[in-house]
Amino acid sequence: MTINTQKQVIELIKRSKKILILPSAPLDGDSLGSAISMYLALKKLQKEVTIICSEHIPEVLQFLPNTKVISNRMISSGDFIITIDYKNVKIENIKTEDEDGKINITVTPKEGRLSEENVSFSSGGIDYDLIITVDTAELTQLRDLYEKNIEIFHQVPVINIDHHVSNSHFGKLNFVDIMASSTTEMLLPILEELASDENINLIDEDIATLLLAGIITDTGSFQNANTTPKAFARAAQLISYGARQQEIIQHIYKTKQLSQLKLWGRVLSKIQIDEKHRIVWSAVSRQDFKDTESFEDQTGDIIDELMTNAPGAEVILLLKEKQDGTISASVRTTSPSVDASKIAEAFGGGGHNQAAGFRISDMSLMDAEHEVINFLKKFQEERLGVIAEREEVEIIDVEGLMNKAKEAEKAQEIIKTSVIPQTIEEQKKAPDKKIKKEFNLKNPKEKPSSGMAYRFED
Ligand SMILES: [Mn+2]
């Protein structure tokens, strides 16, 4: 069946001329690798291609080839666009005036001349004859781009290529393989078939590098549970196409900015462990980002670090207070019998069996932490048959982790901000603003708070 869908995807791509590629937000190695590799391949097939994403490209991924092809121009289906082709003409000034219900656009050339032939008209959005979404489980993950242009998604056929369990099959064609390690892993056979059908050399070193970057980042460099034999096989194939594996590893795993090391130190020092329920978690506040001069996208690998440093844990949680005040949560589980996507779904999110995420709004970081941890305890109690003892969160200082955090600091010698571990006393002192809610595990769809909005992040 998948092979059939793949054939249909290829046919639809071949028939289309103006293609819009949309990666999910926030951008990661897989969504970025998928979008740009698809773009480059379709360009070689003489298609008119556009990638639109208004999201910032994380610094760590800026080494990827051709990231500049991503346009952050917002389209709106109601837009009427006047295009002036000014090749061979130097423009001195552009002026627009609103005069009696008419808009005059005055273009003053410095050199050369402009005439009617230089001007063309188009309307926003509907100009495309195909939309391809990559690594996107839900249209809402396209954020503004979807919300401001909902009609386009009805007018233009959508190919949805993705590997998330929570994919809502919103496309006309849904090529969704939940067994795939990454979306780029799924793109490789598509590009290979297009190459053989069109008899051209499609997969060059840049495309191979982008595809491999998706597999490497989504498998945590072949460490996560989604590392299947197919993931290895396709990665090997990509290296034979000339993928620059060392460049990816060097940039993503071997280069850490000082601010990131400081942030890691902070997060690791705040790690909390509930041995009884086998939960390990940490939370990053806006203050942590500020104190360490780091950015939200630098928390990327911390959850994996928490995982490797938490033997015996089954559920690993990282909460992050974002600039806009919402809390984003990433969940990892160390065994397939603990379904991370179930946990995320309870909070209106989604994801994979062992990696999922959700978002909470209208709640402080501390309240969100309480809500989520209480839920996880209940979740684990049901699973493990632990006798329900609703005790306060126990905070254990993990010496090894503290040392690790200190090492990171020492190595750089210039960390001035001191690490402030959150103690149980501090938590007790804090006013308990909200009455903790109990959750209905039989009905995980029931949202614990009306203010929780869906967004998958992993
Ligand atoms: Mn992915």
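These figures come from a predicted structure and were not determined experimentally. (Residues numbered from 1 in each chain as written. Predicted model: local features only at pLDDT ≥ 70, side-chain atom pairs only at ≥ 80, totals over all residues.)

A. Fine view of the sheet that holds strand E12 (residues 279-284). Reading across the sheet, the six strands line up as E11-E12-E13-E14-E16-E15 and stay open at both edges, with mixed pairing between neighbours. Two strands in the sheet have a free side with no partner beyond their single neighbour: strand E11 (272-274) and strand E15 (350-351). (Pairing = 2+ DSSP bridges. Helix = DSSP H or I, 4+ residues; strand = E, 2+ residues; numbered from the N terminus.)

B. Quick peek at the sheet that holds strand E9 (residues 158-162). Strand order in this open sheet of six strands is E3-E2-E1-E8-E9-E10, and the pairing throughout is parallel. Of all strands in the sheet, those with a lone pairing partner are strand E3 (70-71) and strand E10 (173-176), marking the two edges. With four bridges joining them, strand E1 (residues 18-23) and strand E2 (residues 48-52) adopt parallel strand pairing. Counted as the bridge partner of Lys18 is Glu48 from E2. Relative to E1, helix H2 (residues 29-44) is tilted by about 165°, and along the sheet it contacts E1, E2 and strand E8 (130-134). In the packing of helix H5 (residues 183-198) onto the sheet, contacts are made with E8, E9 and E10, and the angle to E9 comes to roughly 120°. (Contact = placed C-beta atoms within 7 Å. Axes fitted to C-alpha atoms, helices over the stretch in contact; angles between N-to-C directions.)

C. Focus on the packing of helix H6 (residues 205-218) against helix H7 (residues 229-240). Following both chains from N to C, one finds H6 and H7 inclined at 155°, their axes separated by 9 Å at the closest point. Classified by the angle between their axes, H6 and H7 sit roughly antiparallel to one another. Crossing angle aside, the handedness with which H6 passes H7 is left-handed. On H7, the residues touching Ala208, Leu211, Leu212 and Ile215 of H6 are Ala231, Arg234, Ala235 and Leu238. Here the residues of the contact of H6 with H7 are counted per class, giving seven nonpolar, no polar and one charged. (Parallel < 35°, antiparallel > 145°, perpendicular 65-115°, else oblique. Left-handed = near helix turned anticlockwise from the far one by under 90°. Nonpolar A, V, L, I, M, F, W, Y, C, P; charged D, E, K, R; others polar.)

D. Region of the structure containing the nonpolar core. Counting residues in each nonpolar core, the largest one holds 62 residues, and the members touching the most others are Ile21, Met38, Tyr39, Ile131, Ile132, Leu211 and Leu212. Contacts of Leu211, omitting those with residues within four sequence positions, involve Gly33, Ser37, Thr184, Leu187, Leu188, Leu238 and Ala243. Counting 46 residues, the second largest nonpolar core, distinct from the first, contains Leu263, Trp281, Ile302 and Ala329. (Core = buried A, V, L, I, M, F, W, Y, C linked by C-beta atoms within 7 Å. Buried ≥ 20, exposed ≤ 12 C-beta atoms within 10 Å, placed from the backbone.)

E. Just the pairing of strand E14 (residues 327-333), in detail. Counting buried residues in E14 gives seven out of seven residues, a clear majority hidden from the surface. Neither face of E14 is open: one carries Ile327, Ala329, Val331 and Thr333, the other Ser328, Ser330 and Arg332, and all of them are buried. The loop that links strand E13 (residues 315-321) with its antiparallel partner E14 comprises five residues; one of these, Gly325, has a positive phi angle of about 90°. Relative to strand E16 (residues 355-360), E14 runs antiparallel, the two sharing six bridges. Bridge pairing in E16 places Ser328 opposite Arg359.

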